[in-house]
Structures are given as C-alpha cells and as structure tokens.
Amino acid sequence: MSRDNLPPAKPKLKAERHSSSPARKVCDLVPALLAWFAHGARDLPWRRTRDPYAIWVSEIMLQQTQVKTVIPYWERWMHALPEIRDLAEATPETIHKLWEGLGYYTRVRNLQKASRQIIANHNGQFPRDHEAILDLPGIGRYTAGAISSIAFNEPTPILDGNVIRVLTRLFGIATNPREKSTNEKLWRLAEQPVLQTHATKSESACSHLNQSLMELGAIVCTPKQPNCPQCPVQRHCTARRTGRVDQLPNLGARAPATARRFAAFVIERRGHFLVRQRPAGVVNAHLWEFPNMEISATSPDLKVIAKKELGLALAIVEKLCVIKHTITRYRITLEAWRAKIKSPLRKSARGITWLTPAELNNLAFTSAHRKILDKIAP
Ligand code: SF4
C-alpha cells in the first residue's frame, strides 16, 4: 500500500493521551512537576543547601518520621555536629541525646558508623559515586538515590512511600507495590523522568524532579483525601479518571497489632532515682529507662515479678501514670508505679544506678520513659 492509499488519519482524541506508554506518559509529567515544585513546594531547611552531609542527615531523620517533627531535630543536629568529622568524633551519649525522641535508634548509630567509613575511605568527603554511597551503613537504594539526586543532581531514581502512592495512582497500578515485580516496575517508572530530565543538562532538574514527586505525595497526593483539584498532574491521572483514588496503592491487609503490657518502677531514695541503660544489641540500645519488665494481663503480684525479673525487693506505693504508644506492630501499654526499695540491691540488680533529676535530664531516654521522667522532673 502506497503512502497515498493509506486511510486518512483519525483526528487525535483527548483520551488517546491516556493510552500512551507508561514511559512516555511519565515523561510527559516532567514540565508540570518542575513548574509546580518551583512554586508549590515547602521551604524546608535542608532544601536550602546542597551539602550532601546535611541532606543525608535529613533523609535518615525523615524515615518513619514527619517533616514537622524532624525540623527542630535537624536544626539542633546541624548546629551541634555541622561536619562529617564532628559526627565521627561525637560520643555515643551526644548522638543518642540529639536523636532522643526520634526513635529507631539504629539509624543514628549507622549514621555515625557511616561517617567513620567516610573519614577512613573517602578522606572525609561524602562520596559522589552512587555505589560508594550505597556501601555506607544504613543507606539503601532510596536514600542513596535521594542523596545522589538532591545533592549532586545525578539521574538516580527514588521510590519511597510518597512516590509509590503518586505513581500507583497516576498509572492505575492495582498490584501490591511490596511484591517484587510491581516494585521493580515502579523503580523503572521512577527512573524514566529523572533520566529524561538529566538530558536537559540543567544544574538542578534531577534534584527538583525527584523532590517534586516526594513533595506531591507528601502534601497533595496524600493517603487520605488527596487534593486532586489542585494536583499539577491531574489530567494524566488514571486513578482519578477511573474513580480508584481511594483504592490505590493496594498495600494489602495490615498484620493485626499485638498488645503488650509493661510495668516500670519509679524508685526514689534521698533525691536520687534508680535507672538503667539498655545494653548494646537490643531494641533502643544505649538509651536509659526506669527498671521495667513485661507483664501479662494475668501477671501475679507485681512485687513477686519484680523480685524475680529485676532482682528488686519492692514495696509498691501508687500508680503514677499509664503511657500508651505504638512501635512497629506492637501496641504497648506502660504502667509506671512509684515504689520503694525494701532491702539493699541484690547482685543481680547490677547495671542500674542512682541519679539525680538533673543528671537524668542530660541522658537520652526512650520516648515512653521520657514521659515518666517528665512527670517526676519536669
Ligand atoms: S490527581 Fe489526585 S490521585 Fe492523581 S496524582 Fe494527583 S493528587 Fe494523586
């Protein structure tokens, strides 16, 4: 068939825009995302710098933690430890105190381990090479991509919860993003626009493009009640067009939370309180807490368990407070009891120490035990 004999081309319908290939479609989003990011993004302190160390610290703090919580922590941290070398040389007490309340303390210990690796292997300079960044403790594919793109404008993709939400909705991806094949598909989709953007040779486009995806997920394409009418890419969005915004992403059923109950004892003697430091290798290692133990709903007399579990002969005085919190899949109830020591500490109770409220306030406590401390030494 000659070119002249071809049937006349159909006029391009608006709907055809939605049927273009995912790679093409994701690249179509770039101008709208960059334009929106230039005007619609929040002014966050770590966005005013290209210092990879500062960006790295912000990315680690932002894991599992909201922006508004992180801001004062990040500012305090950068004031106390402004350079990688300061972090490498800081004491465990300093870094845990600066992190106190952020939780997931393995993050802060990995930060310090990584800073020492940077001093030893990279002459104290944060590495530019993506593989070298990935080799640092506590840095996975997402964080490496974020640092490479934001600090060095490298075309490395990022895929966190926010970006997953945006991409699954834009492309109407109904399979679970935690499944390997879907996850790989999402990484490929996240890579397309940043590669395209890199080709423009702009000094900040990769950085801004990745941040625009994260920011869109954080403030517009939110888990509940996304602000679709204000979304810069709404006309490309499959979930909006097909009425499936509330169904995506499909993260599957959550494992049911497990309830756990603990009892802690606030024991005072001549203006000093009995506390202990959690050992290395356990959850919340190195942090301080009041002597405590896990109990069940049917636990016998607290005095009996305290003697058996903690080696403390106690007289229980009164309940001080009850603190409820959630850690990963555990719904925890912590009862704090005022108590008195009935006899000198047994050998098995070693590892615990008497400190004044002023001394306690200088230590890093777990969040729940900090709340108890605030009751007795505000
Ligand atoms: S239109 Fe709505 S669902 Fe789609 S990407 Fe934008 S905010 Fe998210």
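Residues numbered from 1 in each chain as written. Predicted model: local features only at pLDDT ≥ 70, side-chain atom pairs only at ≥ 80, totals over all residues. Heavy atoms only, no water.

1. Some points on the environment of S343
Then, number 1: Turning to its location among the elements, S343 is positioned in the loop between β6 (330–341) and β7 (352–355).
Then, number 2: Given a relative accessible area of 33%, S343 falls into the partly exposed group.
Then, number 3: Between the C-alpha atoms of S343 and I55, which are 288 residues apart in sequence, the distance is 52 Å. (Helix = DSSP H or I, 4+ residues; strand = E, 2+ residues; numbered from the N terminus. Buried < 20%, exposed > 50% of the residue type's maximum accessible area, 1.4 Å probe, protein only.)

2. Observations concerning the domain arrangement of the chain
Then, number 1: Per the domain assignment, the segments making up the chain are domain 1 (18–247) and domain 2 (258–376).
Then, number 2: Distance from the C-alpha centre of domain 1 to the C-alpha centre of domain 2: 38 Å.
Then, number 3: The interface is formed by 7 residues belonging to domain 1 together with 12 residues belonging to domain 2.
Then, number 4: Contact with domain 2 buries area across many residues of domain 1, yet K97, E100 and Y105 alone supply 51% of it, more than any other trio. (Domains from an automatic or database assignment. Contact = heavy atoms within 4.5 Å. Buried area = accessible area lost by both parts, 1.4 Å probe.)

3. Quick look at the pattern of salt bridges
Then, number 1: This model, assessed by the stated rule, comprises 11 salt bridges.
Then, number 2: K180 is the partner of E184 in a salt bridge, and the nearest nitrogen-oxygen pair spans 3.8 Å. Taken together, the positions of E184 and K180, both in helix α11 (residues 180–198) and 4 residues apart, correspond to about one turn of that helix.
Then, number 3: Exposure remark for K180: the relative accessible area of 64% places this residue in the exposed category.
Then, number 4: Within the structure, one salt-bridge network assembled from shared partners comprises R42, R47 and E215. (Salt bridge = Lys/Arg side-chain N within 4 Å of Asp/Glu carboxyl O.)

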